[in-house]
Structure formats: C-alpha cells, structure tokens
Amino acid sequence: MLVLLGFAMIAVFMVLIMTKKLTPVLALIIVPTVFGLFAGAGLGIGDMVLDSMKSMTSTAALLMFAIIYFGLMIDVGLFDPLVKFILRKLGNDPAKVVLGTAILAAAVSLDGDGSTTFILTTAAMLPVYLRLKMSPVVLTCVAGLANGTMNILPWGGPTARAATALKIDVNDVFVPMIPSLIAGLAIVFVFAWLLGLQERNRLRAAAPEIWATPSAAEPFSPEAFDGGTASVTAGTGSAGSPAPGTGSPAVGGPGAGSSLALLERTESLVDDRDTAMADTALDPNRTTLRPKLIWFNLGLTVAVMAMLIADLVPLPFVFMVGSAIALIVNFPNVKEQGAQLIAHAPSIVAVVSMVMAAAVLTGVLTGTGMVEAMSAWLVQIIPSSMGPFMAVITGVLSIPMTFFMSNDAFYFGVLPVLSETAGHYGISAAEMARASITGQPFHLQSPLVPAILLLVSLAKVDLGDHHKKVLWRTAVVSLVMLGVGMLTGAIGIG
C-alpha cells in the first residue's frame, strides 16, 4: 500500500504542476497531505512536516537573502557593463547566447555548488535574454543541464556519497567516469545550440522586420546591424515571449546591403534601444542606478563570491551581511531601503514558500515510510536472471529515484542493498557507484533540490515550464553517460 501511495503521490504531483492545474506551492502542500492521511499519518502528519521543515530553514534564508542581494545589484546597474560586454562577444545571435550560457554554467559548476552556479549564471545572462526577448526558460534549461552533468565531480556531493556508502576511494569512482562526463557535456552543448537555433527562428518569425538580414543572400547575422552591440527588445512575459509594439523600423530587403542603408538602420536601432528597455529591469534611465558606486558594488560582490567559495562561514549569513551593506551604501535613506525590500518581495515569497512547501512532501515521504517501502519494492522486483545487469539497472533506476528522493536516501539507503546483490554476480562496488551517479543530471531538476528552486525563482520561470523543457533532455544526458560508461568498461556487466 505504501509503495502504491508513494508512486501515485509523485505522479499526481508531477501531472498537476506540468498541466498547470495547481501552482507548485499548492501541489507540494495539498497532494502530500491527502496521500499522507491515506497512508495513516493521522494527526502525526504535522510533526512529520515540522521535522522536515527544520532542516529547510537555513536553505530558505540563503535563497531569501541571495535574491535580495542580486536583485539590488541588478537595480543599481552592476551587471549593465557585463551585459554590453557579453553582447559584444556573443553578438545578438540567440544561438551563440544560449551556447555561451551552457559554457558559463559548466565552468562555474567546477566549484561544486549548484546555488552559486545558478546565481552567477542568472545574474550574468538573464539581462541578456531579456534584452534580446529570449525565453528565460531556455536559460534555466541550459543552466540546469550543465550543472546537473557537472554534479558528478568528486567534490560535488553525490560521488563522495556513493564512495562513502560503499567504502571505496572516491577517485576509483570518478576517474573512470571522465569519458562519460565529457560525453555528457558534449550532449549538453548540442542541446544548447539546438535550443539557440529554435530561439533564433522564433524571434525571426515573431519580428521579421527586426531580425531580417541586411541582404537575402547573407546568412542570419543580427550583430551585423551594429557590430554586435545594438539590440532591440522590449518587456517580456514570464516565459520570455516578445511583447508587441516595439516601434522598431523595418529593415532588410532587396538592395538594402549598402553601407548608407546599413548606417541608417543602425542609427534607428540604437535610438530605439533605450526606448524599448523602458520600464524593464534594464531600463537605462531607472532611478535606482548608482554609476558612481559601481566599483564598490563590484568589490562587495567579489568578496561575497570569495566567501561562498571559501565556505568559511554559513552561506545564509554571508548574503545577510552582503545585503545589509549593499542597502546601506546604495540606499542610505530608510524609505529607499524599505522600497527596495518591497520591490523584491514577490520573488522572495515565491521561492521561500516553495522551499517550505517542499518540506511537506519530504516529511510525508519519510515520516510515513513511503521512501523505504518504495526502495525495498524496487530491489525485490529485480529478477535473479537480471543479476549480471545490476550496474546498468542501478544506473537506470538512479534517474527517477534520485529525482523523487534525496541523494542521502538513495546513496545510503538504496545503493548498498543493490551493491550487495550485484556482488553475487561479480560486479564490483566501484562499478555500482559509477552507475549510480549517472542519474545526477535528472536529479538536479527535482523540486526537492533547493538550488533548482533558486534558479527558476531568479529567472522568474514556472517550475512546470522548466520541467517540460529540461526533463527529457536530462534523461538523454544521463542515459548517454551510462552508455559511455558501459562502452569504456567503467560500468560492466557481470
């Protein structure tokens, strides 16, 4: 009964948020509550949830003050020069921007912390997406893909857990998986390029007068308008759909390739650029800009990032102090400080409420014994004839199981049982550990992972929209990593 209720609860939750019948917050509260009562939790369900919520408070504080801090930095214009620099390097071509997002997220993921990766990637790239009217869902998809793939690094957490649970050296787990990691990143970059091409085609179809090429004989090259610095954009919705009525002049057409015509179009685009960004987060005339304090704000941000990487003090406290200093220096007036906090309140409420609501799901799963029952059932249904394929089976199971339960529950509760069974068929513990980490790209998209909640909140993306675009792609990456591991012999068959 617990097994059926557990899988049914997860299925109902996913269907409701992906079909947008309920918001993720409501689904995280209502669905586990109903199924928990059916599971016999009774009045004890409250204690289950509160016990789970206690472990979430530090995460909620981190997300809350991280949103305040980076919201302030965007408001005061710290990232405006970075946006211009990125546009100069990547041009206005959406395909290059999306690929650049994947490369940036993968590089920052080397520190092994998902929250830091998503904070830096979103801060650097979201303004570019908004300026080019690209969908922020593409940003969250690509960042999630890259960070999930890089999560098998030894210092990322899952690899160390697998090695600890099976009492083996972490290098014995990771080093043979390097070819799988490279293959996974290659697939991520392919997905990023294809998503970029889709965005390019969508923008060209939505506003052909803006994205038309200077000559029918020339390839698509929006940066040709002004050397890669001018862009035409307007406000976007939560999914990044272009808003109509930018007032941009029509460009392109036969005979429009002359230098005079190109100059006229460039001047029109540059003149229209600031108007198009009015009333958005990148409004060049916003009253919150603090150009004289840009070096102070940059130094403060570098210091905060250094503290994140050094991990000398708890991360929530780092962002608390950083936010307080940023408010005092940039907005010394008390009324301005209050206005800034109120301005970012919607984002804070959205993400913190989701973290607290996630405690209902994890509390019910753990408190009612659903997690243990589901794990035991999965182990029992594997027939003895499939014993030689236990490593492969473990790799496949790691995709859904690490999505629906914590890494600790999977690696310390499920993996040792599977590994013990595999040992009877000549499959080593190291091979089982390697197979178990291939599901991490999928795991990182789970609503139980605080970092992904931070990502969708910072990008103002609906979690269901993110899942629609990212889940099948992360499943492909995980299966490719598993397949490459088998081809290289890192994951064997008994």
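The shown structure was predicted, so the numbers you read here are calculated from the model rather than taken from an experiment.

K.L.:
Looking at this structure, I do not really get the overall build of the protein. What am I missing?
P.N.:
Each helix and strand in the protein was counted, giving 24 helices and zero strands. Put simply, the protein has 494 residues, and 54% of those count as buried. By sequence separation, contacts in the protein at least 24 residues apart represent 80% of the contacts at least 6 residues apart. Entry remark: accessible area of the protein is about 19900 Å², with carbon and sulfur atoms responsible for 69%.

K.L.:
How should I be thinking about the nonpolar core in this particular structure?
P.N.:
In a soluble, globular protein the nonpolar side chains are often hidden away together inside. Formed by 134 residues in total, the largest nonpolar core has its most connected members in Phe-319 and Met-432. Those residues in contact with Phe-319 that sit more than four places away from it in its chain are Leu-62, Phe-65, Ala-66, Tyr-69, Phe-70, Ile-119, Val-304, Met-305 and Leu-308.

K.L.:
Looking at this structure, I do not really get a nonpolar patch on the surface. What am I missing?
P.N.:
On the surface, Phe-296, Phe-317, Met-320, Val-321, Ile-325, Ile-328 and Val-329 cluster together into a nonpolar patch covering about 560 Å² of accessible area. Counting through the fold element by element, Met-320 comes out in helix α15 (residues 315–330). A relative accessible area of 33% means that Met-320 is categorised as partly exposed.

K.L.:
So what exactly am I meant to see when it comes to the environment of Met-374 here?
P.N.:
Positionally, Met-374 belongs in helix α18 (residues 370–380). Overall, the relative accessible area of 5% leaves Met-374 in the buried class. In sequence terms Met-374 and Val-414 are 40 residues apart; their C-alpha atoms lie 9.8 Å from each other.

K.L.:
Even after reading the chapter, I still don't get the pattern of salt bridges, so can you show me in this structure?
P.N.:
A side chain of one charge can pair with a side chain of the opposite charge if their charged atoms are brought near each other. Under the counting rule described, the total for this entry stands at two salt bridges. Residue Asp-93 pairs with Arg-200 through a salt bridge whose shortest N-O separation is 2.6 Å. Taken together, the positions of Asp-93 in the loop between α5 (80–90) and α6 (94–108) and Arg-200 in helix α11 (residues 178–206) put the pair 107 residues apart, joining distant regions of the chain. On the accessibility criterion, Asp-93 (4% relative accessible area) is buried. Salt-bridge contacts for Glu-199 lead to Arg-202; the nearest nitrogen and oxygen are separated by 2.9 Å. One end of the pair is Glu-199 and the other is Arg-202, both in helix α11 and three residues apart, which spans about a single turn.

K.L.:
How should helix α24 (residues 463–488) be read in this particular structure?
P.N.:
Taking 1.5 Å per residue as the helical rise, α24 with its 26 residues ought to reach 38 Å, and the 36 Å between its terminal C-alpha atoms agrees with that figure. The sharpest bend along α24 comes to roughly 35 degrees, located at Val-470. Measuring from the side-chain oxygen of the N-cap residue of α24 to the backbone nitrogen of Gly-464 gives 2.8 Å; that N-cap residue is Asp-462. In the stretch just after α24, Gly-489 is the one whose phi turns positive, near 90 degrees.

K.L.:
Explanation requested: the packing of aromatic side chains in the structure shown.
P.N.:
Pairs of aromatic rings are described using the distance from one ring centre to the other and the angle between the two planes. Applying the stated criterion to the full structure yields three aromatic pairs. Sitting above the plane of the Phe-191 ring, Arg-473 keeps its charged end 5.7 Å from the centroid.

K.L.:
How should I be thinking about the packing of α6 against helix α8 (residues 136–150) in this particular structure?
P.N.:
A packed helix pair is summarised by two numbers, namely the angle formed by the two axes and the spacing between the axes. Packing of α6 against α8 leaves a shortest axis separation of 8 Å and a crossing angle of 35 degrees. At the point where α6 passes α8, the crossing takes the right-handed sense. Residue-level contacts link Val-98, Thr-101, Ala-102, Ala-105 and Ala-106 of α6 to Val-138, Leu-139, Val-142, Ala-143, Ala-146 and Met-150 of α8. Across the contact of α6 with α8, the residue classes tally to ten nonpolar, one polar and no charged.

K.L.:
Help me understand α15, please; the structure alone is not making it clear to me.
P.N.:
If you check α15, its first and last C-alpha atoms are 22 Å apart, about what 16 residues at 1.5 Å a residue would give, namely 22 Å. All of the buried residues in α15 are Leu-315, Pro-316, Val-318, Phe-319, Gly-322, Ser-323, Ala-326, Leu-327 and Asn-330. Buried positions in α15, seen along its axis, are confined to an arc of 150 degrees and lie on one side of it.

Conventions and cut-offs
- Residues numbered from 1 in each chain as written.
- Predicted model: local features only at pLDDT ≥ 70, side-chain atom pairs only at ≥ 80, totals over all residues.
- Heavy atoms only, no water.
- Helix = DSSP H or I, 4+ residues; strand = E, 2+ residues; numbered from the N terminus.
- Buried < 20%, exposed > 50% of the residue type's maximum accessible area, 1.4 Å probe, protein only.
- Contact = heavy atoms within 4.5 Å.
- Areas by Shrake-Rupley, 256 points an atom, 1.4 Å probe, with all protein chains shown as cover.
- Core = buried A, V, L, I, M, F, W, Y, C linked by side-chain atoms within 4.5 Å.
- Patch = residues over 30% accessible without salt bridge, like charges linked within 9 Å, V, L, I, M, F, W, Y side chains within 5 Å.
- Salt bridge = Lys/Arg side-chain N within 4 Å of Asp/Glu carboxyl O.
- Expected span 1.5 Å × (residues − 1).
- Bend = angle between axes of the 7 residues up to and from the residue.
- Polar contact = N/O pair within 3.5 Å; in protein donor to acceptor, adjacent residues only side chain to side chain.
- Phe/Tyr/Trp six-rings, centres within 6.5 Å; stacked < 30°, edge-to-face > 60°.
- Lys NZ or Arg CZ within 6 Å of the ring centre and 35° of its normal.
- Axes fitted to C-alpha atoms, helices over the stretch in contact; angles between N-to-C directions.
- Left-handed = near helix turned anticlockwise from the far one by under 90°.
- Nonpolar A, V, L, I, M, F, W, Y, C, P; charged D, E, K, R; others polar.
- Arc of directions from axis to C-beta.

Purely spatial values, then, with no claim about function.
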